[in-house]
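A closer look at the structure
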Amino acid sequence: MIQTLPPQKTSNGGQMLISILIAIAVFAILTHAIFTLVASSFDLINFNRARITARHLAQEKIELVRNLSYSDVGTLGGIPDGILIEEEGVSRNGLNFLVKTSVIYVDDEFDLEAPEDTDPEDYKKVRIEVSWEGLAASRKNPITIITNVTSQNGNGGTTGGSLVVQVLDSNGNPVPQAQVHIEASSINPPVDLNQNTGNDGKLTLPGAIPCTECYEITVTKSGFSTDRTHSASEVTNPIKPHASVIDGEVTQVSFAIDLVGTIQITSVDSRENNFVPKASVPFRLRGNKIIGTNALGQYVYKFDNNYTTDGGGSYNLSDVEWDTYTILMPSVTSWDISGSTPLQPVSLLPAGSIDFTFASVAHTDHLLLTIIRDPQQNLIASASARLYDGVSFEKTQVSGEADAPDFGQTFFSNLEEKTYQLEATASGYLNFNGSFDVSGYTTGEVILTPE
């Protein structure tokens, strides 16, 4: 008997399903590419339309300038002063445009330069910059048109001096495109001006009205620190007072700015409490740069602020200027610093970052923090320091290890205001014997000589 088997199913159905999935994937890829191309085309069209409108606005402003009298070509509160507005918003074709106008005198080298050139205001340079917002914003590509304007007699025919602003970084290199704000409210007409330095880090402004310590200058740049002049009402004896301008003379003022950094500060408990994080510790952070002295001849520091660590014992400072910093306790405090890592003071480099930890104990009126080093200034761990007065006080402390907040340091609190003897020993070093006069918060340095 012959048995007939049922017909077997083929794999045609599976192959067809795979083909359909591949076709859908290819279609999706092509569709995405087409939509991306169409969207990019619309963006390009919108950008070009906005750019054309911006160019028309810049041309309108230039034509306005060309039809003004020479004496009126200038910005309100600028050097030179005039009737033009430094920044103004304009709405056109559904977009918001920002029109910036800059006018400065140019001291051309063809007839010498100030101070040899007694009339350095040779002509005026006008710069019109138009930027816009929206989906096709100008971003870093605004429309810019520059033109020179001269008077009929070939020079400005004005009086005044030349104000030169030089901006350098921490290494003494020029800082291009730094923002310079100049304000002088006591002269007539008053000055309120914003300009940028050139590629040489310099801004030259001939035709500045003569005055004594009246030009308040502030210099900065995005991502950089700030430097400025100070008045006697802010600092009794400022190192960099507001600039003075003398008729026919050149006044140059230099400023230093550079990239800012960060400082992460952590407060911890004492060695006896295993250096666990300590919350809500107030502290004072002071830089080393000074801006002048007060009426008593004491330094006025550029950076000197009080802070308090948070619930986790941390405080993070951003946008900090490069400088050498020291952490102190406020004048009225419940705590004393019993050690720190890295050792104070700490130096922050431009665009740098520092993690700083300090240990704190209950405040006492008189104490001694010793720093134990070798002749090469390296900190020494596990050094024994015995402090005694030869009468009734004797205590021994051991300096911390390399990963501890008191690395190479020993701390003695609750002392009296008098002279103590200190004996320090460490393996591989000769013994140290010396005396320290303790009064208030006293820091002493111990140098151990290798055997």
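Whatever comes next refers back to the structure up there.
In this text, all values refer to a predicted model and were calculated from it rather than measured experimentally.

1. Here's the deal with the sheet that holds strand β15 (residues 282-287)
With antiparallel pairing, the 4 strands of this open sheet are ordered in space as β18-β15-β20-β22. One side of each edge strand has no neighbouring strand; the edge strands of this open sheet are β18 (304-308) and β22 (346-348). Mean inter-strand twist for the sheet, computed between neighbouring axes without regard to direction, equals 30°. Of the pairings in the sheet, the one linking β15 to β18 comprises 5 bridges and is antiparallel in character. Its bridge partner lying in β18, Leu-285 is registered against Asn-305.

2. Digging into the nonpolar core
Ranked by internal contacts, the top residues of the largest apolar core, which has 27 residues, are Leu-163, Tyr-215, Ile-217 and Val-219. Sorting the residues of this core by element identifies β5 (161-168), β6 (179-184), β7 (191-196), β8 (202-208), β9 (211-220), β12 (243-245) and β13 (250-256) as the ones contributing at least two each. For this core, the element with the most residues is β9, which contributes 5 residues. In this view, Val-219 contacts Val-165, Val-167, Ala-178, Gln-179, Val-180, Ser-225, Thr-226, Asp-227, Phe-255 and Ile-257; residues no more than four positions away in its chain are not counted. Counting residues in each nonpolar core, the second largest holds 22 residues, with Ala-54, Leu-68, Val-126 and Val-149 among its members.

3. A short note on the pattern of salt bridges
Throughout the structure, instances matching the rule amount to 17 salt bridges. For Asp-227, the salt bridge is made with Lys-302, and the minimal N-O distance between the two is 3.8 Å. Here the residue Asp-227 occupies a position in strand β10 (residues 227-228), and Lys-302 occupies one in the loop between β17 (299-301) and β18, the gap between them amounting to 75 residues. Sharing partners across several salt bridges, the network here consists of Asp-227, Lys-240, Lys-289, Lys-302 and Glu-321.

4. What about the sheet that holds strand β4 (residues 143-149)?
Pairing between sheet strands relies on hydrogen bonds along the backbone, with the strands arranged either parallel or antiparallel. Here we have 4 strands laid out as an open sheet, ordered β1-β2-β3-β4, and antiparallel in their pairing. Pairing within the sheet leaves two strands with one partner each, and these edge strands are β1 (87-92) and β4. Averaged over all adjacent pairs, the angle separating strand axes in this sheet is 20°, with direction ignored. By the bridge criterion, 10 bridges tie strand β2 (residues 95-106) to strand β3 (residues 123-132) in an arrangement that is antiparallel. Bridging across to β3, Phe-97 finds its partner in Trp-132.

5. Some details on the packing of aromatic side chains
In total, this model carries 8 aromatic pairs according to the counting rule given. Centroid distance Tyr-299 to Tyr-301: 6.4 Å. Interplanar angle 80°. Geometry classified as edge-to-face. The structure contains a cluster of three or more aromatic residues connected by ring pairs, namely Phe-283, Tyr-307, Tyr-315 and Phe-358. The cationic tip of Lys-124 hangs over the ring face of Tyr-70; the distance from NZ or CZ to the ring centre is 4.3 Å. We note Lys-289 situated over the ring of Trp-322; from NZ or CZ to the ring centre the distance is 3.3 Å.

6. A short note on a nonpolar patch on the surface
A contiguous nonpolar patch, built from Met-16, Leu-17, Ile-20, Leu-21 and Ile-24 and spanning about 520 Å² of accessible area, is present on the exposed surface. Relative to the assigned elements, Ile-24 resides in helix α1 (residues 12-66).

7. Observations regarding the state of the cysteines
Considering all chains together, one arrives at 1 disulfide under this definition. Two residues, Cys-211 and Cys-214, share a disulfide whose sulfurs are 1.6 Å apart. Judged by the sign of its S-S torsion, about -45°, the bond between Cys-211 and Cys-214 is left-handed. Overall, Cys-211 belongs to the buried group, its relative accessible area being 13%. Taking the relative accessible area as the measure of exposure, Cys-214 reaches 9% and is therefore buried.

8. Regarding the side chain of Ser-267
Relative to the helices and strands, Ser-267 resides in strand β14 (residues 261-268). Looking at Ser-267, its side chain comes within polar contact range of the main-chain oxygen of Lys-278, at 2.6 Å. Leave out the neighbours within four places in its chain, and Ser-267 touches Pro-277, Lys-278, Val-281, Thr-309, Gly-313 and Phe-358.

9. Focus on the environment of Ser-413
Position of Ser-413 relative to the elements: it lies in the loop between β27 (409-412) and β28 (419-425). For Ser-413, the residues in contact, after removing those within four places along its chain, are Thr-364, His-366 and Leu-367.

10. Some points on the environment of Thr-147
Assignment of secondary structure puts Thr-147 in strand β4. The exposure class assigned to Thr-147 is buried, which follows from its relative accessible area of 13%. Apart from the residues lying within four places of it in its own chain, the contact partners of Thr-147 are Ile-62, Arg-66, Lys-124, Lys-125 and Val-126.

11. Here's the deal with the pairing of β15
Residues of β15 alternate between two faces, with Phe-283, Leu-285 and Gly-287 buried on one and Pro-282, Arg-284 and Arg-286 left unburied on the opposite face. Direction of pairing for β15 relative to strand β20 (residues 323-328): antiparallel, over a ladder of 4 bridges. In the strand pairing of β20, Arg-286 is matched with Thr-326.

Calculation rules
- Residues numbered from 1 in each chain as written.
- Predicted model: local features only at pLDDT ≥ 70, side-chain atom pairs only at ≥ 80, totals over all residues.
- Heavy atoms only, no water.
- Pairing = 2+ DSSP bridges.
- Helix = DSSP H or I, 4+ residues; strand = E, 2+ residues; numbered from the N terminus.
- Axes fitted to C-alpha atoms, helices over the stretch in contact; angles between N-to-C directions.
- Core = buried A, V, L, I, M, F, W, Y, C linked by side-chain atoms within 4.5 Å.
- Buried < 20%, exposed > 50% of the residue type's maximum accessible area, 1.4 Å probe, protein only.
- Contact = heavy atoms within 4.5 Å.
- Salt bridge = Lys/Arg side-chain N within 4 Å of Asp/Glu carboxyl O.
- Phe/Tyr/Trp six-rings, centres within 6.5 Å; stacked < 30°, edge-to-face > 60°.
- Lys NZ or Arg CZ within 6 Å of the ring centre and 35° of its normal.
- Patch = residues over 30% accessible without salt bridge, like charges linked within 9 Å, V, L, I, M, F, W, Y side chains within 5 Å.
- Areas by Shrake-Rupley, 256 points an atom, 1.4 Å probe, with all protein chains shown as cover.
- Disulfide = S-S within 2.5 Å.
- Polar contact = N/O pair within 3.5 Å; in protein donor to acceptor, adjacent residues only side chain to side chain.

Any functional reading would require information beyond the geometric quantities listed.
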